[in-house]
Amino acid sequence: MPTTYIWVNIPAYSMKIIDSDMIVMESNVIVGQPKTRTPLLTSNVVNFITYPQWTVPYSIIFKEMLPKIKANPSGYLNKQNLMVVDNNDNVLNPDSLNWGKYNKNYFPYLIKQRQGDDNSLGVLKFNFVNKYDVYLHDTNARWLFSKENRALSHGCVRIKDFMKLADFLVRNDTLRFPSDTLRSWINRKEKHYVTGFTRVPIFIRYFTCEEKNGGIRFYNDVYGEDRTLCQRYFDSKTL
């Protein structure tokens, strides 16, 4: 393993930062629902954004949003703080569009959620290259961190202590980012791209048990991976 890295364990609903074999930060997280799983991956966190804008994935548009938009275009979009934009990023009047002809095979627009406190990404988004279009981010539903079962997202990983992660990433650049800079941007609701820090590897994994405080801690098999393996390798065995 590298000297410094971010470790997300899906069944533990936990994210850790490991630095020189020490856990320097740990946070509760929310992961994907069983039907929209958080993928297993290895990448590097390369930047983060304050007050990000969310571009809704087409999978969510077609599976969840489109029927509700067709029933009440401007009403639903305004309530969710969403806007329809074309390929040139022009905002369109939803009531002027013929929603009856749009479906999963034909939808020539994007749907974006305006940045702000009620944005689904919250006030911070951490980017790392991956083919699944997932990322780490804050959330506008922070009360969900108090739930025992936190497999609740569409696949991204929501972080409870997002500011601690941001502080860690820029810890070696106090000239550009004094301790109060990030918080000032957020308090003023300003959008900034933060880059130039040393990339930190991130590992998203699925382990239903791990060492914790000198013992073994077991977690719920939230995606049924252990059950599948047991059926594959042991169902035909006799004791």
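Structural notes, computed from the coordinates. Worth saying up front: this structure is predicted, and the values here are computed from it rather than measured.

## A few points about the overall build of the chain
Step number 1: When helices and strands are tallied, the chain shows 5 helices and 16 strands.
Step number 2: Reported as C-alpha extents along the three principal axes, the dimensions of the chain are approximately 65 × 60 × 30 Å.
Step number 3: Looking at the chain residue by residue over its 239 residues, the buried ones come to 47%.
Step number 4: Residue pairs at least 24 apart in sequence account for 64% of intrachain contacts in the chain once pairs closer than 6 positions are excluded.

## Here we look at the pairing of strand S6 (residues 82-85)
Step number 1: Where burial is concerned, the two faces of S6 agree: the one with Leu82 and Val84 and the one with Met83 and Val85 are both buried.
Step number 2: Note: S6 against strand S8 (residues 110-113), 4 bridges, orientation antiparallel. Counterpart to Val84 in the pairing with S8 is Ile111.
Step number 3: Pairing of S6 with strand S7 (residues 91-92), which is carried by 2 bridges, proceeds in the antiparallel orientation. Within S7, the position partnered with Val84 by the bridge is Leu92.
Step number 4: The turn linking S6 back onto S7 is made up of 5 residues, and Asp89 within it adopts a positive phi angle of 70°.

## Some details on helix H3 (residues 162-169)
Step number 1: Judged by how many residues are buried, H3 sits mostly within the fold: 6 of 8 residues are covered.
Step number 2: Listing the buried residues of H3 in full gives Phe162, Met163, Leu165, Ala166, Phe168 and Leu169.

## What to know about the sheet that holds S6
Step number 1: Reading across from one edge, S5-S8-S6-S7 is the order of the 4 strands in this open sheet, with antiparallel pairing throughout. With partners counted over all chains shown, the strands left at the sheet margins are strand S5 (54-55) and S7, one partner each.
Step number 2: Relative to S8, S5 runs antiparallel, the two being bridged by 2 bridges. Across the sheet, the residue bridging to Thr55 is Lys112, located in S8.
Step number 3: Sitting on the sheet, helix H1 (residues 58-71) is in contact with S5, S6 and S8, with an inclination near 85° to S8.

## With respect to the nonpolar core
Step number 1: Counting 61 residues, the largest nonpolar core has Met15, Phe48, Phe126 and Leu165 as the members making the most contacts within it.
Step number 2: At 6 residues, H3 tops the list of elements feeding residues into this core.
Step number 3: Once you skip the residues sitting within four places of it in the chain, Met15 turns out to touch Ile6, Trp7, Val8, Met25, Glu26, Ser27, Val29, Leu136, Ile159 and Leu165.

## Quick look at a nonpolar patch on the surface
Step number 1: Side chains of Leu229, Tyr233 and Phe234 sit close together on the surface and give an oily, nonpolar patch of about 330 Å² of accessible area.
Step number 2: Examined against the element boundaries, Leu229 turns out to sit in helix H5 (residues 225-234).

## Here we look at the packing of aromatic side chains
Step number 1: Inspection of every chain in the model, using the stated rule, returns 15 aromatic pairs.
Step number 2: Both rings, one in Phe62 and one in Phe107, keep their centres 6.3 Å apart while their planes meet at 90°; by these two values the pair is edge-to-face. In this pair, Phe62 is assigned in helix H1 and Phe107 in the loop between S7 and S8, connecting sequence segments 45 residues apart.
Step number 3: Aromatic rings pair up to connect Tyr58, Phe62, Trp99, Tyr102, Tyr106, Phe107 and Tyr109 into one cluster.
Step number 4: We note Lys125 situated over the ring of Tyr135; from NZ or CZ to the ring centre the distance is 4.3 Å.
Step number 5: Against the face of Phe168 rests Arg171, its NZ or CZ located 3.8 Å from the ring centre.

## Digging into the side chain of Asp86
Step number 1: If you trace the backbone, Asp86 turns up in the loop between S6 and S7.
Step number 2: Despite its burial, Asp86 pairs with no opposite charge, the nearest such side chain being Lys112 at 8.7 Å.
Step number 3: Apart from residues lying up to four places away in sequence, Asp86 is in contact with Leu92 and Tyr109.

## A closer look at H1
Step number 1: Spanning 14 residues, H1 covers 18 Å between terminal C-alpha atoms, matching the ideal 20 Å at 1.5 Å per step.
Step number 2: When H1 is considered as a whole, its buried residues turn out to be Ile60, Ile61, Met65, Leu66 and Ile69.
Step number 3: Buried positions along H1 lie against S5, helix H2 (73-79), S6 and S8.

## Describing the pattern of salt bridges
Step number 1: Counting across every chain of the model gives 8 salt bridges.
Step number 2: One salt bridge in this structure joins Arg37 and Glu225, with 2.5 Å as the shortest N-O distance. Of this pair, Arg37 sits in the loop between strand S3 (22-32) and strand S4 (41-50) while Glu225 is found in helix H5, placing the two residues 188 residues apart along the sequence.
Step number 3: A salt bridge links Asp173 to Arg176; the nearest nitrogen and oxygen atoms lie 2.6 Å apart.

The rules we used
- Residues numbered from 1 in each chain as written.
- Predicted model: local features only at pLDDT ≥ 70, side-chain atom pairs only at ≥ 80, totals over all residues.
- Heavy atoms only, no water.
- Helix = DSSP H or I, 4+ residues; strand = E, 2+ residues; numbered from the N terminus.
- Buried < 20%, exposed > 50% of the residue type's maximum accessible area, 1.4 Å probe, protein only.
- Contact = heavy atoms within 4.5 Å.
- Pairing = 2+ DSSP bridges.
- Axes fitted to C-alpha atoms, helices over the stretch in contact; angles between N-to-C directions.
- Core = buried A, V, L, I, M, F, W, Y, C linked by side-chain atoms within 4.5 Å.
- Patch = residues over 30% accessible without salt bridge, like charges linked within 9 Å, V, L, I, M, F, W, Y side chains within 5 Å.
- Areas by Shrake-Rupley, 256 points an atom, 1.4 Å probe, with all protein chains shown as cover.
- Salt bridge = Lys/Arg side-chain N within 4 Å of Asp/Glu carboxyl O.
- Phe/Tyr/Trp six-rings, centres within 6.5 Å; stacked < 30°, edge-to-face > 60°.
- Lys NZ or Arg CZ within 6 Å of the ring centre and 35° of its normal.
- Lys, Arg positive; Asp, Glu negative; His and termini not counted.
- Expected span 1.5 Å × (residues − 1).

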